[in-house]
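As a plain string of letters, each chain reads:
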Amino acid sequence: MSKIAHRTTHFLLVEDDDDQANLFQMSMARVGSELSVTRMRNGEEALSFLKQEHPYENAEHPDLVLMDLNMPRLSGHDVIAEMNTCPALSMIPVVVLTSSDDDADRRRAYAAHASGYVVKPIEFGEFRNMVNDIEDFWAQWNCPCPD
Amino acid sequence: MRVVHFQRATELFVALISILVMLGWFVQSQLVVQLHPSFHPMQFNTALGFLMCACMLHCLRTKKNQIAVIFAVMLGLFYGLTLLQYLSDIDIGIDKLFVDPFLLHADAYPGRPGANTTLCFLLLSLFGFVSLSRHPRAVWWCGLITTCVVGMSLASLWGYLVGTEFLAGWSSYLSGMAVHTAIAYLLCGWLAYSYLGCERTVSREWYSAFHPVQPVLAMVIMTLTISTAMRAWHKQNVQQIIAEKNALLGESMNHALSTNGQAYERMVKRWQNNPQMPSVAWRVDARGYIVDLPALVSMHLRSGADGVKWDEPEHSENMSLITRPTLHGSTTISLVSTNDDALIVQQINFGLDSDSHSSLIAVSSMRRLIEELGSSYLQDFKIRVLSDNTIYYATDSVYTLDESMTSSFFLNIGDHGDDVQLSFIPRSSFFINARSPWPNAVLIGGLFLSGIVWVMVHQASQLAIARTKAQQAAMLKIHAKELEASNAELTALNSELEQFTYSMSHDLKSPLLCINGYMKMLEDHLQDMKVDHKLGVLIEPINRAVNQMSKMIESILTLYKVSRHQDKHRDIDLSEIVDQAVSSAEYQIDSAGASVQVKGNPLPVHANQELVLSVLQNLIGNAMKYARVDGQELKIHISTTRVGDMVQLSVEDNGPGIEPRFREKVFELFQRLGDAQADGTGIGLNIVNKVAQIHSGRAWVEESELGGAKFSITLPRAHAPEVKPSNQVIAVA
């Protein structure tokens, strides 16, 4: 199996729940060494990060945004919509990572050109598998858009 | 004030009246039993009847039906026997059973209640039975019976009020109704109406037992009663007129005969005072009398020695009939019948000259007398004179008329004593002249008024019905709107509740994932640190609980989806979904060593694919969970059959089955038959039931031919043409 990625893959995790974010980060740490995960606590922070606003002036654009939907202040849907208005940000793939399997949420996400919609499983084993699959695809097989 | 208070007071009042009257009979109080000397008395048995009636109506009102029936039977028997006495004219002794009447009041049967009273009590007894009947028209009949009683008592009361006393008894041939009897019947009638209205009708108002026909019936009864009474009253008047006319003629005749007799005596005295008076002078004298008294037809003077001394035979032919006049005694008068007349023979015995046995015989004609004195009556009456049932004279030879109206007057005709009767028999012309238009006028007028009242009441009731219907329709409209509003509210609430359940379940997923994840990590750490295995024993229940909770949340979310996916129906092939369901459970089937057999035709159904799949997964999952018996291979059969417009999908197993008492309960939410450790949420079969309902089908469980449970659900057939049947059997290991 040939690996395409040549540099450290950078994921931006937008998740308001600290425990879940930690769980994700820990699971991610187990599967990939050439992987960095930056976590933002809500939609506003995520947008600031992506737009390289204060205090993230030096931040690089991530290879993938893993976006929760239900967040305080600015929801995941709003962040995706905002990203679409900015040409530089609209290139970044966004995978919705949520516990909602509501069709309405799914439709809305894909309508906003989300790259994927993943429902978080309750069972931890399945959750690990899911993290593995995300890492496999987005960090190894996916070719990111050139800057 | 509530109607029940009036009812109670009325029952008490009627009972009190009856007890008072019964006591009145015992202590012989005329005031209590009759109220007024001109009124009819209330008989003891009538009072007893009212006591029974009050008790019966009280029991009906207080729902003591069996006791009410006993009173109705007693009333019916007592007054049935009284009626029997009237019909058969046999006295069986119940009239004086309790008390010997001290007041007779011209009653034909002392102590016996009137026929009208008897009839009213029989009707009230009938009311007792009919009111307890469950017949749909029972209220109508009861109302009619009550109206009859009320109508009869009203007619009697009306008679008392307007002063026509005869009306209290309807007519001369029925005994009267006491004024307090009539009032008590009215009160009983009101009680009966109120019982019907309050207990047996929908509106529960005392007047609701009325029917449009009832006032009309009451009017007809009153009209007939009053008309009959007026007819009887008129008959009494006519009889009185006949008697008066008869007496007038009779008295005139008596007077004429008496005057005649006095004249003869005066004449005889004159002769005695003038013994030398020549016979010619006597004759002249006598002729004067004959002229003065046209009824006098002949005179004869006789002496004892030589017989006829002198005659003045104007009607000598009649004299032959006087064969042997009585020559002894003083003055006699006798009646002698002839062919077409009756002769009144007056004989005065006197002494004249040496002859002390002389007598003057004066013969008067009855016919002439009647013609003279009663010429004005002959047109209207047939007149006859009879004695000892022998007709001596009659104006007419044929008597075909009803002689029930005949009047008689006694004439003073000596030898016959008081036996000579002057009878007046009215001719038809008299009846025609004496006919009163009032009874018929009352009858026709009353019936006409009843008709008008019927039309008015009918129209009014139709209007009332129409208004009630309109009101009901309006109310129905309002209720429908209210129902619609509350339905919408309920739907909104339900939707809100579903949304809440969904959100709750959904929001619980994240913390559960954390618990699950961190527990696993803790477990891994403990393993790495080689910590005492007892800690693992403690962690295991936590993991089980988390798993159970996960399944429950998943099930609740599925249930929510079922409610949300009601409209995504399309034609699908059931066999494909069955295959899909079996494939998804293949791993579990293999691990359990179970065999799944799919039987039946590939039947297309019009359903929501996702929901039908969910049903199958639930049913197969249930079979895997609950039908396993140690040492026995688990068999699961899935079959599809067509039942009319529906398709029946069944999943059966060879497990322990479900007891009949739980076969409905298992479809309820959160109902589980297994113990707490069993791997179920109690939601799966409720989902199955809900899916069936969404598809206008039904879900049920029965005993399987395999020995276990057979769960079935019906789904509507697809609109598209059916796939050609082929009895294929697919076996999946």
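Because the structure is predicted, anything quoted here is derived from the model rather than measured.

## Some remarks on the overall build of chain B
Part 1 of the argument: In terms of regular secondary structure, chain B is built from 18 helices and 17 strands.
Part 2 of the argument: Here chain B, with 733 residues, has 36% of them falling under the buried criterion.
Part 3 of the argument: Counting contacts in chain B only where the partners sit at least 6 residues apart, residues at least 24 apart contribute 70% of the total.

## A closer look at the interface of chain A and chain B
Part 1 of the argument: Across the contact, 11 residues belong to chain A and 11 residues belong to chain B.
Part 2 of the argument: Looking at the side of chain A that touches chain B, the elements that each hand over two or more residues are helix 1 (18–31) and helix 6 (124–141) of chain A.
Part 3 of the argument: Here the element with the most residues in the side of chain A that touches chain B is helix 1 of chain A; it accounts for three residues.
Part 4 of the argument: Class assignment for the residues of the side of chain A that touches chain B results in four nonpolar, three polar and four charged.

## Notes on the sheet that holds strand 2 (residues 35–40) of chain A
Residue and element names in this part refer to chain A.
Part 1 of the argument: In space, the five strands of this open sheet follow the order 2-1-3-4-5, with parallel pairing throughout. Each edge of the open sheet carries a strand with a single partner, namely strand 2 and strand 5 (116–119). Neighbour-to-neighbour, the strand axes of this sheet turn through a mean angle of 20 degrees, independent of strand direction.
Part 2 of the argument: With three bridges connecting them, strand 3 (residues 64–67) and strand 4 (residues 94–98) associate as parallel partners.

## Description of the sheet that holds strand 8 (residues 407–410) of chain B
All names here are of chain B.
Part 1 of the argument: Spatially, the four strands line up as an open sheet ordered 7-6-9-8, and their pairing is antiparallel. The sheet is open, and its two borders are formed by strand 7 (390–394) and strand 8, each paired with just one other strand. Between one strand axis and the next, the sheet turns through 30 degrees on average, direction left out of account.
Part 2 of the argument: Pairing between strand 8 and strand 9 (residues 421–426): four bridges, direction antiparallel. Looking at the pairing, Ser-408 lines up with Ser-423 of strand 9.
Part 3 of the argument: Its contacts with the sheet place helix 8 (residues 213–273) against strand 8 and strand 9, and it is angled at close to 145 degrees to strand 9.

## Some words on helix 3 (residues 76–85) of chain A
Residue and element names in this part refer to chain A.
Part 1 of the argument: Those residues of helix 3 not exposed but buried are Gly-76, His-77, Val-79, Ile-80 and Met-83. The buried side chains of helix 3 occupy one side of the element, clustering within an arc of 165 degrees when seen end-on.
Part 2 of the argument: In this structure, the buried side of helix 3 is in contact with strand 1 (9–14), helix 2 (43–50), strand 3, helix 4 (87–90), strand 4 and helix 5 (103–111).

## Quick look at the packing of helix 1 of chain A against helix 13 (residues 438–528) of chain B
Part 1 of the argument: Remark: helix 1 of chain A packs on helix 13 of chain B, axes separated minimally by 10 Å, with the N-to-C direction vectors making an angle of 45 degrees. Considering the angle they form, helix 1 of chain A stands oblique to helix 13 of chain B. Viewed along their axes, helix 1 of chain A and helix 13 of chain B form a crossing whose handedness is left-handed. In this structure, helix 1 of chain A uses Asp-19, Gln-20 and Leu-23 of chain A to contact helix 13 of chain B, whose residues at the interface are Ser-510, Leu-513, Cys-514 and Gly-517 of chain B.
Part 2 of the argument: Per-class residue counts for the contact of helix 1 of chain A with helix 13 of chain B are three nonpolar, three polar and one charged.

## Describing the packing of helix 15 (residues 574–584) of chain B against helix 17 (residues 609–626) of chain B
Angle between the axes and distance between the axes are the two parameters that describe a pair of packed helices.
Residue and element names in this part refer to chain B.
Part 1 of the argument: Running from N to C, helix 15 and helix 17 cross one another at 45 degrees; their axes reach a closest spacing of 9 Å. Taken together, helix 15 and helix 17 sit at an angle that is classed as oblique. Between helix 15 and helix 17 lies a crossing whose hand is right-handed. Seen from helix 15, the contacting residues are Ile-577, Val-578, Gln-580, Ala-581 and Ser-584; seen from helix 17, they are Gln-609, Val-612, Leu-613, Leu-616, Gln-617 and Ile-620.
Part 2 of the argument: Classifying every residue of the contact of helix 15 with helix 17 by side-chain character gives seven nonpolar, four polar and no charged.

## Thoughts on the nonpolar core
Residue and element names in this part refer to chain B.
Part 1 of the argument: In this structure, Cys-53, Met-56, Leu-75, Val-149 and Cys-188 are the most contacted members of the largest nonpolar core, which totals 64 residues.
Part 2 of the argument: Only helix 1 (3–27), helix 3 (44–61), helix 4 (65–88), helix 5 (115–131), helix 6 (138–162), helix 7 (179–200) and helix 8 provide two or more residues apiece to this core.
Part 3 of the argument: With 13 residues, the single largest contributor to this core is helix 3.
Part 4 of the argument: One finds Ala-585, Ile-620, Ala-623 and Ile-636 within the second-largest nonpolar core, a separate group that totals 46 residues.

## Description of the environment of Met-624 of chain B
Residues and elements named next belong to chain B.
Part 1 of the argument: Summarising the element assignment, Met-624 is placed in helix 17.
Part 2 of the argument: Taking the C-alpha atoms as reference points, Met-624 and Leu-634, 10 residues apart in sequence, are found 8.0 Å from one another.
Part 3 of the argument: Ignoring anything within four residues of it in the chain, the contact list for Met-624 reads Gln-588, Ala-592 and Ala-594.

## Concerning the pairing of strand 4 of chain A
Part 1 of the argument: Among the five residues in strand 4 of chain A, four count as buried, and that is most of the element.
Part 2 of the argument: Once you follow strand 4 of chain A into helix 5 of chain A and on to strand 5 of chain A, the crossover reads as right-handed.

## Focus on the environment of Leu-619 of chain B
Residues and elements named next belong to chain B.
Part 1 of the argument: Residue position: Leu-619 is located in helix 17.
Part 2 of the argument: The spatial distance from the C-alpha of Leu-619 to the C-alpha of Leu-685 is 7.7 Å, given a sequence separation of 66 residues.
Part 3 of the argument: The contact partners of Leu-619, leaving out residues within four places of it in the chain, are Val-651, Val-688 and Phe-711.

## A closer look at unusual backbone geometry
Part 1 of the argument: At the junction of His-54 of chain A and Pro-55 of chain A, the peptide bond is cis and its omega measures out at 5 degrees in the coordinates.
Part 2 of the argument: Take Pro-55 of chain A: it is sitting in the loop between helix 2 and strand 3.
Part 3 of the argument: Phi at Lys-63 of chain B is positive, roughly 65 degrees, even though this residue is not glycine.
Part 4 of the argument: The residue Lys-63 of chain B is located in the loop between helix 3 and helix 4 in this model.
Part 5 of the argument: Among the residues examined, Lys-63 of chain B registers 8 C-beta atoms within 10 Å and is labelled exposed.
Part 6 of the argument: Its identity is not glycine, yet Ser-696 of chain B carries a phi of approximately 55 degrees, on the positive side.

## Thoughts on the confidence of the model for chain B
Residue and element names in this part refer to chain B.
Part 1 of the argument: Of the residues in chain B, 82% reach a pLDDT of 70 or more, and the chain-wide mean stands at 79.
Part 2 of the argument: Predicted confidence is poor over residues 722–733, with pLDDT under 50, and the contacts of this stretch with residues over four places away or in other chains come to 13 contacts.
Part 3 of the argument: Prediction confidence for the complex, expressed as pTM and ipTM, is 0.45 and 0.79 respectively.

## Some details on the environment of Cys-55 of chain B
Residue and element names in this part refer to chain B.
Part 1 of the argument: Residue position: Cys-55 is located in helix 3.
Part 2 of the argument: Using a count of 21 C-beta atoms within 10 Å as the deciding quantity, one classes Cys-55 as buried.
Part 3 of the argument: In this structure, the C-alpha to C-alpha distance between Cys-55 and Ala-68, residues 13 residues apart in sequence, is 7.4 Å.

Parameters and conventions
Residues numbered from 1 in each chain as written. Chains lettered and ligands numbered in written order. Predicted model: local features only at pLDDT ≥ 70, side-chain atom pairs only at ≥ 80, totals over all residues. Helix = DSSP H or I, 4+ residues; strand = E, 2+ residues; numbered from the N terminus. Buried ≥ 20, exposed ≤ 12 C-beta atoms within 10 Å, placed from the backbone. Contact = placed C-beta atoms within 7 Å. Nonpolar A, V, L, I, M, F, W, Y, C, P; charged D, E, K, R; others polar. Pairing = 2+ DSSP bridges. Axes fitted to C-alpha atoms, helices over the stretch in contact; angles between N-to-C directions. Arc of directions from axis to C-beta. Parallel < 35°, antiparallel > 145°, perpendicular 65-115°, else oblique. Left-handed = near helix turned anticlockwise from the far one by under 90°. Core = buried A, V, L, I, M, F, W, Y, C linked by C-beta atoms within 7 Å. Right-handed = clockwise from strand over helix to strand, strands pointing away. pLDDT = per-residue confidence, 0-100.

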